[in-house]
Amino acid sequence: MTFDLASILRPHILNLVPYSSARDEYTGKEGVFLDANENPYQSVNGQQWNRYPDPYQWAIKEKLAPIKRVRPSQIFLGNGSDEPIDLLVRATCTPREDNILIMPPTYGMYQVSADINDVPIVKVPLTPDFQIDTEKVLAAVTPNTKIIWICSPNNPSGNLVKREAILTILTNFSGLVVVDEAYIDFAELPESSEPPESLELSGGLTASFTNELDNYPNLIVLQTFSKAWGLASLRLGMCFASEEIIKVLNKIKPPYNLSGATQAILLEALDFVEAKNQLVKDILVERQRLAQELVVIPTVKHIYPSDANFLLVKFEKAKQLFDDLIEQKIIVRDRSKVTLCEDCLRITVGTSEENNVLLEALKKLSEQ
Ligand SMILES: *Cc1c(COP(=O)(O)O)cnc(C)c1O
């Protein structure tokens with residue numbers, strides 16, 4: 001199926017003239033800068049945050065591109081993944097007219113973003129093993145469906161979605177296909193039973209769809225610095241797509257969407273890819289241990305396979321258990337009311353000490 005970005009965009013976005021910031025008009029580093037009404041001296045705290053930051057974060061993109069094996073022009077950076085999620089809906093969907101398609105159970109922001117923008121949602125549930133029913137998805141698409149959201153590894157189920165199914169949708173749908181890979185660093189070897197200790201980490205590159213960007217002009221991949229990289233507080237989301245799509249996002253984003261402080265910290269953090277991989281390894285080892293110890297607890301009914309940094313676990317009377325844990329100030333995520341997740345809690349893999357606290361509490365509660 002042919003993809004025509006112009007027909008996917010809302011007409012007024014296609015023709016939009018974006019805000020031109022002072023830093024757009026002159027991109028040199030040296031000069032007497034009297035163009036942006038900044039304070040010329042310094043910040044009140046004696047630091048140097050008085051100049052507006054690079055609106056396109058080029059230094060970061062140059063450094064990130066080889067890590068992700070994409071070109072700098074294929075990268076958009078947002079204030080969390082929330083920002084590209086919202087921008088994509090606003091760029092493509094005319095309220096009350098166009099729709100997006102999601103596959104529950106999945107990440108809540110796709111629906112919230114559509115709801116905020118008054119955009120209808122088509123829902124096609126995943127299969128009971130949390131895979132895509134491609135026939136049902138393609139049958140549910142309407143001429144007004146602009147985006148299909150795929151979360152892989154999926155939140156809250158934790159599993160990678162089969163590559164073939166995603167490729168089928170990319171090939172047979174003429175709108176945008178967003179693959180949200182927030183947890184991709186934890187998904188090293190699909191369907192592998194190797195112990196995490198011996199994993200060769202590729203930083204998620206083997207499982208990621210970023211390597212399909214040049215094959216599918218309708219593909220968008222989301223990733224984040226909030227999970228494996230441990231930078232959730234900075235609010236940093238990545239979006240990878242064709243240069244054409246990235247240009248649209250740049251046109252409609254707030255001009256200085258990433259602060260100078262955020263950019264400075266991220267630029268330095270990108271030197272620590274090895275440290276990120278080690279953190280991932282430690283979490284994978286703990287994930288395996290946590291699963292092994294959960295299995296023998298009598299109230300645990302099922303542990304779903306995980307390619308992420310959390311486990312979806314089916315319990316006897318999950319809601320009651322959730323409340324009992326809260327009472328002990330142990331906070332997990334109650335997913336028991338979510339499609340296909342009846343009696344399930346989502347448990348983030350913590351430090352080994354934190355996991356021990358949880359395991360002890362669960363053992364005690366199961367003896368009552
Ligand atoms: C955690 C998560 C994100 C990351 O969101 P940020 O806004 O970048 O912190 C994105 N997608 C999914 C599915 C997530 O679970």
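A few points on the structure. This is a predicted model, so every value here is computed, not measured. (Residues numbered from 1 in each chain as written. Predicted model: local features only at pLDDT ≥ 70, side-chain atom pairs only at ≥ 80, totals over all residues. Heavy atoms only, no water.)

## A closer look at the site of the ligand
For step 1, the next point in the chain: Lining the immediate surroundings of the ligand are 13 residues, of which Y183, T224, S226, K227 and R235 lie closest.
For step 2, the next point in the chain: With respect to the ligand, the side chain of T224 contributes an N or O atom lying 2.7 Å from an oxygen atom.
For step 3, the next point in the chain: Contact between the ligand and S226: an oxygen atom at 2.6 Å from a side-chain N or O atom of the residue.
For step 4, the next point in the chain: Classifying every residue of the shell around the ligand gives 4 nonpolar, 5 polar and 4 charged. (Near = heavy atom within 4 Å. Polar contact = N/O pair within 3.5 Å; in protein donor to acceptor, adjacent residues only side chain to side chain. Nonpolar A, V, L, I, M, F, W, Y, C, P; charged D, E, K, R; others polar.)

## Here we look at unusual backbone geometry
For step 1, the next point in the chain: Following P104, the chain continues to P105 via a peptide bond in cis, the omega torsion being 0 degrees.
For step 2, the next point in the chain: Of note, P105 is situated in the loop between strand 2 (99–102) and helix 6 (109–116).
For step 3, the next point in the chain: The omega torsion across S152 and P153 is -5 degrees, close enough to zero to call that bond cis.
For step 4, the next point in the chain: The residue P153 is located in the loop between strand 4 (145–151) and helix 8 (163–172) in this model.
For step 5, the next point in the chain: A positive phi angle, close to 50 degrees, is found at Q57, a residue other than glycine. (Helix = DSSP H or I, 4+ residues; strand = E, 2+ residues; numbered from the N terminus.)

## A few points about the sheet that holds strand 10 (residues 333–334)
For step 1, the next point in the chain: Spatial ordering of the open sheet is given by 8-9-11-10, a layout of 4 strands whose pairing is antiparallel. The open sheet terminates on both sides in strands that have one partner only, identified here as strand 8 (300–303) and strand 10.
For step 2, the next point in the chain: Bridge count between strand 10 and strand 11 (residues 344–348): 2 bridges; the pairing is antiparallel. What sits directly across from R333, in strand 11, is R346.
For step 3, the next point in the chain: Across the face of the sheet, helix 12 (residues 318–327) comes into contact with strand 9 (310–315), strand 10 and strand 11 while running at roughly 40 degrees to strand 11. (Pairing = 2+ DSSP bridges. Contact = heavy atoms within 4.5 Å. Axes fitted to C-alpha atoms, helices over the stretch in contact; angles between N-to-C directions.)

## Some details on the packing of helix 12 against helix 13 (residues 352–366)
For step 1, the next point in the chain: Where helix 12 meets helix 13, the axes come as close as 11 Å, and the angle between the chain directions of the two elements is 125 degrees. With respect to each other, helix 12 and helix 13 are oriented oblique. In the packing of helix 12 onto helix 13, the handedness of the crossing is right-handed. Taken together, the residues of helix 13 that come into contact with helix 12 (itself represented by L321, D324 and L325) are L358, A361, L362 and L365.
For step 2, the next point in the chain: In the contact of helix 12 with helix 13, the residues fall into 6 nonpolar, no polar and 1 charged. (Parallel < 35°, antiparallel > 145°, perpendicular 65-115°, else oblique. Left-handed = near helix turned anticlockwise from the far one by under 90°.)

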